[in-house]
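Commentary on secondary and tertiary structure
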Amino acid sequence: MKKLIGFTVLVCLCVELYAQQQVFDKNKLLLAPFEYNEVKLLDSPLKHQFDEVVAYYLAIPDNDLLKGFRQRAGLPTYGARDLGGWYTNDIFHVFGQFLSGMSRLYAVSGNQALKNKVNFLVEEWAKTIDANGYFFYSSKPNAPHYVYEKMVGGLVDAYVFAGDKNALKQLSIITDWAVKNLNRDRIYGQTQSEWYTLSENLYRAYCVTGDKKYLDFGKIWEYTDYWNYYLTGVPPVGERRHHAYSHLNTLSSAAAAYLVSGNEKYKTIIKNAYNFFWKEQCFATGGFGPDERLLPKNELIKTLETTHNTFETQCGSWAIFKLSKYLIMITGDARYGDWIEKMTMNGIGANISMSPDGRVQYYSDYNPREGTRHNHHVGWTCCTGTRPEAVAEYTDMVYFKNNDGLYVNLYTPSYATWHGISVTQQTNFPENNISLIKLNVKKGGIETTLSFRKPLWAETMPVISVNGKAIKPKLVNNWMQIKRLWLDNDQVKITFPMKLYIDRLDGSKPYPAAFMYGPVAMAVNASNPYPEDIVVSKSISEQFIPISGKPLNYRIKNHSDLILRPYYQFSPNEAYTLYIDSVVKNIVLQKDLVYNGDWKQGRGPIFSNEKGASISTTFTGTGIKVYLDGYRNSGKAQIIIDGKGTDVIDTFNASANGYKPGSSYLEKQYSSLAVGTHKMVLLVLDEKNPQSKGTFVNVVKFEVLP
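Residues numbered from 1 in each chain as written. Predicted model: local features only at pLDDT ≥ 70, side-chain atom pairs only at ≥ 80, totals over all residues. Heavy atoms only, no water.

Focus on the pattern of salt bridges
According to the stated counting rule, one finds 30 salt bridges in the structure shown. Residues lysine 212 and aspartate 216 are paired through a salt bridge, measuring 2.9 Å at the closest nitrogen-oxygen approach. Here lysine 212 pairs with aspartate 216, and both are found in helix α9 (residues 212–220), just four residues apart, close to one helical turn. A relative accessible area of 33% places aspartate 216 in the partly exposed class. If you follow the salt bridges from partner to partner, you end up with Arg104, Asp157, Arg204, Lys325, Glu393 and Asp396 in one network. (Salt bridge = Lys/Arg side-chain N within 4 Å of Asp/Glu carboxyl O. Helix = DSSP H or I, 4+ residues; strand = E, 2+ residues; numbered from the N terminus. Buried < 20%, exposed > 50% of the residue type's maximum accessible area, 1.4 Å probe, protein only.)

Here you go:
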């Protein structure tokens, strides 16, 4: 890896760029990604998801996307309908992210319909901008900082990736409005605005236009109070509110600050921050942020057992992709590719399809009693904006390059051409532990270096052969490097040392624990009795028997009803257990609950405000414990045991954030029952505390007392 010579201050390539070009100057990076149109995904789960996302976002009617903008400006709406959800209600509005995502999808695919859609949307949206530069969907937007930042990113990407020159004109207009009007209080941790993510796209705008106003405005929004914690330590998570996704996303602004200033401080910040997230905040899957919070490890472990909102999947994956890619480019170290890999296996790459009404798998659920993969109950959330951006990024993270050679970061079927060498990667990884790289080289051959990421999960070096002959590569910055004269039809075969292993959140304790296979998170079907013993077995190889014809599927000795298989193989709404933790073994499974009336799954508990709605279960034990949450709009409920009503429960809570998960849910215990089988019914009463604004009853879980 060559060192940068004469490196003082990094500058942007501040000249007019053409479609499908990276924004930051590639000559100032240790490793550069390929352009979006230079890598092709071949038949694979990632390619299938990419094609599905393209089709989904193309199908959203243009007039529906523009309706609110046109209404505010007093323009015809051409029979458009409300999309509903967050979009129509102007909550963390995603129009700018749609422009960004579709522009990037176009750059990858060359699908002209995407380019036409982006160009049309920018042109029509521009007509709705007020004379003073006001540009929002409604007259009272939620989170104006957030929306402005997404619009900056969307317009930069519309120009860079879809060649829309009109986008830069509109970018200048809305930025002039923002300079005059955006509130500059810069409150620490202010999730409502996420002002601290603005710098990245403003610095990208500066690189594209050369206009210093974007550089100057970007400096205003640098999150120094948070970033600087990583120079000497870590932020006080738990003591102060840190919204998980946005506090990772802001670090991409620190990376962009490094790329426009060359100040080594910013590089130190993002390296230390990555280490903090990777070591202290991540679950085995690579996901982080239960209930969208950063927490000390002991609280994180406790929250795992109480929530089903373990990881904000689309947005979190997008933030991980960006920061990890920045670090690979800036440091040249392959280890940052491991987080990317985990997200393609267990994060956004493992997501179920979106619903037609804009509902997406907002959260990944690692609850140790049972989880499900399901779409959020509200449509067009923030995660519908990051979804196309993150999926478009797949191709840009497979390979990297510099003057010394080509670098393979992801092991997925793909194709790329570089300096007279065409690389075709064939693999069924991770369901097969082999990746085969075939080369087409110009006549006479080319002497260069091919480098392959050595995964951190690999305890021993992968076995590499060239044309059937074993090769011992040189390990540099976690890249397995082979330098030689490469000839046409050369083949590189990489065999990874993959096996089942156990990943414990606290290495000193047996629980909670998850099974992994290489980078793949594994899970079992949720069941009774709870399989707490399977993570304390001394011999994994004896306990788990591979199922012929079903890759990565295992039968479990002494548990004939269980099959261990990848998390990504579970069907929508199919109950599974990913983490094993003995403390949840008596929690009642969803399949053993009977719902009557209108119940919805929200960001947290199951909830209803319908009079007479109920949840019932039959259980065997000496009692049952009911866990409820409460908010300012919460009402009253009653528990009925074996046909006899108990006291009425008032779930009103004056705190807007509800009860604190893991330690102070509203808990009601009904014990001292005769040993045997009993029936419990929870009933919504349509009654409330005079201070409450509603009658919602929020049910967290039920626990049987043995």
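The structure having been displayed, the exposition proceeds.
With respect to helix α6 (residues 144–162)
Over its 19 residues, α6 extends 25 Å from the first C-alpha to the last, a length consistent with the 27 Å expected when each residue adds 1.5 Å. Among the 19 residues that make up α6, 18 are buried, leaving the element largely enclosed by the rest of the structure. Downstream of α6 by one or two residues, glycine 163 has phi in the positive range, about 65 degrees. (Expected span 1.5 Å × (residues − 1).)

As for the packing of helix α12 (residues 244–261) against helix α15 (residues 313–331)
Look at α12 against α15: their axes get within 9 Å of each other, and the N-to-C directions meet at 25 degrees. Relative to α15, the element α12 lies roughly parallel. Viewed along their axes, α12 and α15 form a crossing whose handedness is left-handed. Contact residues: Tyr245, Leu248, Asn249, Leu251, Ser252, Ala255, Ala256, Tyr258 and Leu259 in α12; Cys315, Gly316, Trp318, Ala319, Ile320, Lys322, Leu323, Tyr326 and Ile330 in α15. Partitioned by chemical class, the residues of the contact of α12 with α15 number 14 nonpolar, three polar and one charged. (Axes fitted to C-alpha atoms, helices over the stretch in contact; angles between N-to-C directions. Parallel < 35°, antiparallel > 145°, perpendicular 65-115°, else oblique. Left-handed = near helix turned anticlockwise from the far one by under 90°. Contact = heavy atoms within 4.5 Å. Nonpolar A, V, L, I, M, F, W, Y, C, P; charged D, E, K, R; others polar.)

What about the sheet that holds strand β12 (residues 469–471)?
On the basis of which strands lie adjacent, the open sheet formed by seven strands has the order β2-β7-β8-β9-β15-β11-β12 and antiparallel pairing. Lying at the two open borders of the sheet, with one neighbouring strand each, are β2 (39–41) and β12. Taken pair by pair, the neighbouring strands of this sheet meet at an average axis angle of 20 degrees, ignoring direction. Relative to β12, strand β11 (residues 463–466) is paired through three bridges, and the arrangement is antiparallel. Within β12, the position partnered with valine 466 by the bridge is lysine 469. (Pairing = 2+ DSSP bridges.)

Thoughts on unusual backbone geometry
Backbone torsion omega between phenylalanine 429 and proline 430 reads 10 degrees, so that peptide bond is classified as cis. If you trace the backbone, proline 430 turns up in the loop between β8 (421–427) and β9 (434–441). Note that the residue after tyrosine 511, namely proline 512, is joined by a cis bond; omega there is -10 degrees. Phi at leucine 552 takes a positive value of approximately 60 degrees, unusual for a residue other than glycine. Within the secondary structure, leucine 552 sits in the loop between β19 (544–546) and β20 (554–556).

Section: the environment of glutamate 532
Summarising the element assignment, glutamate 532 is placed in the loop between β18 (520–525) and α18 (540–543). Spatially, the C-alpha atom of glutamate 532 lies 39 Å from that of lysine 493, the residues being 39 residues apart in sequence. Setting aside residues no more than four positions away along its own chain, glutamate 532 makes contact with Tyr511, Ile580, Ser582 and Lys585. There is a polar contact of 3.4 Å between the side chain of glutamate 532 and the side chain of lysine 585. (Polar contact = N/O pair within 3.5 Å; in protein donor to acceptor, adjacent residues only side chain to side chain.)

Some thoughts on the side chain of serine 527
Looking at the element boundaries, serine 527 is found in the loop between β18 and α18. Apart from residues no more than four positions distant in its own chain, serine 527 is found in contact with Arg369, Asp561, Leu562 and Leu589.

What about the packing of aromatic side chains?
Counted under the stated rule, the structure contains 56 aromatic pairs. Centre to centre, the rings of tyrosine 196 and tyrosine 223 are 4.5 Å apart; their planes meet at 15 degrees, and the pair counts as stacked. Of this pair, tyrosine 196 sits in the loop between α7 (166–181) and α8 (198–209) while tyrosine 223 is found in the loop between α9 and α10 (224–227), placing the two residues 27 residues apart along the sequence. We classify tyrosine 196 as buried; its relative accessible area is 0%. Note on phenylalanine 570 and tyrosine 576: the rings are 5.4 Å apart at their centroids and 55 degrees apart in plane angle, and the pair reads as tilted. An identical accessibility class is assigned to phenylalanine 570 and tyrosine 576; each is buried. Positioned above the aromatic ring of tyrosine 266 is the side chain of lysine 265, whose terminal nitrogen or guanidinium carbon lies 5.0 Å from the ring centre. Its end group placed over the ring of tyrosine 567, arginine 373 keeps NZ or CZ at 5.7 Å from the ring centre. (Phe/Tyr/Trp six-rings, centres within 6.5 Å; stacked < 30°, edge-to-face > 60°. Lys NZ or Arg CZ within 6 Å of the ring centre and 35° of its normal.)

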